[in-house]
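Listed below are the residues making up each chain.
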Amino acid sequence: MALPNIAESPAPTRLAYKGGMTMSKKERRELNRIFSPLIRPARIPATRRAKWRLVKKWFNRYEKQTLIGRTVIVATKGGKQIATRITNVKIEKAGGYRRNYLFTSRP
């Protein structure tokens, strides 16, 4: 028996899976908190503008821990890319509704 010609055989196809799930409102809320954690307390509406001292407080309480320890790729002016790990984050005003994040990282 002859071996099959590999060049003429079709390329392997990727496997794709589809699934569905039914969950309660409480389960959906918990899953949402995992994928997009709070950046301000749940009782404060997201559309209302908050004072800077509260924005800074909420950043330190909720967001800072999620950013520390993440890996970031830094590009130098020469085009070289270096993977670094964030060790510290600070926040400062940038005018209007904007803010600057100051990262300290280590390769």
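Only a predicted model underlies this, so the values are computations on that prediction, with no experimental measurement involved.

1. Describing the sheet that holds strand 3 (residues 99-106)
So, step 1. Reading across the sheet, the three strands line up as 1-2-3 and stay open at both edges, with antiparallel pairing between neighbours. Strands at the two margins of the open sheet, each flanked by one partner only, are strand 1 (71-75) and strand 3. The sheet shows a mean angle of 60° between the axes of neighbouring strands, taken without regard to direction.
So, step 2. In the sheet, strand 1 pairs with strand 2 (residues 81-93) via five bridges, with the strands oriented antiparallel. By the bridge assignment for strand 2, Thr71 is matched with Arg85.
So, step 3. This element, helix 2 (residues 52-67), spans strand 2 and strand 3 of the sheet and lies at about 160° to strand 2.

2. Considering the nonpolar core
So, step 1. In this structure, Val55, Phe59, Leu67, Ile86, Val89 and Ile91 together form the largest nonpolar core, which totals six residues.
So, step 2. Here Ile86 is in contact with Leu67, Ile68, Gly69, Arg70, Val72, Phe103, Thr104 and Ser105, once residues within four sequence places are set aside.

3. Remarks on the layout of surface pockets
So, step 1. There is about 250 Å³ of room inside the largest pocket.
So, step 2. As for the largest pocket, its lining consists of 16 residues, and the residues nearest its centre are Arg49, Ala50, Val55, Gly96 and Tyr97.
So, step 3. A per-class count over the lining of the largest pocket returns six nonpolar, three polar and seven charged.

Conventions we followed
- Residue numbers run consecutively from 1 along every chain, following the written order of its sequence.
- This being a predicted model, a pLDDT of at least 70 is required before a residue's local features are given, and a value of 80 or more before pairs of side-chain atoms are given or counted; all residues contribute to the totals for chains, interfaces and linings.
- Here the side-chain values reflect all heavy atoms present in the structure, with hydrogen atoms and water set aside.
- For two strands to be treated as a pair, DSSP must find no fewer than two bridges joining them.
- Helical segments are the DSSP runs of H or I of at least four residues, strand segments are the runs of E of at least two, and each set is numbered from the N terminus.
- Axes, fitted as lines to C-alpha atoms, cover a helix only where it is in contact. Angles between the N-to-C directions of the axes lie from 0 to 180 degrees.
- Contact definition: two residues touch when any of their heavy atoms are within 4.5 Å.
- Residue types Ala, Val, Leu, Ile, Met, Phe, Trp, Tyr and Cys, when buried and joined through side-chain atoms within 4.5 Å, form a set referred to as a nonpolar core.
- Three labels apply to residues, based on accessible area from a 1.4 Å probe with only protein chains included: buried if under 20% of the type maximum, exposed if over 50%, partly exposed otherwise in between.
- The rule is simple: put a 1 Å grid over the protein atoms alone, call a set of points where a 1.4 Å probe fits but cannot get out a cavity, call an open set with protein on both sides within 12 Å along at least five of seven lines a pocket, and count a residue as lining if it has an atom within 4 Å of a point.
- Grid points are joined across faces, edges and corners, and a volume is the space filled by probe spheres set on the points.
- Charged residues are taken to be Asp, Glu, Lys and Arg, nonpolar residues to be Ala, Val, Leu, Ile, Met, Phe, Trp, Tyr, Cys and Pro, and polar residues to be all remaining types, Gly included.

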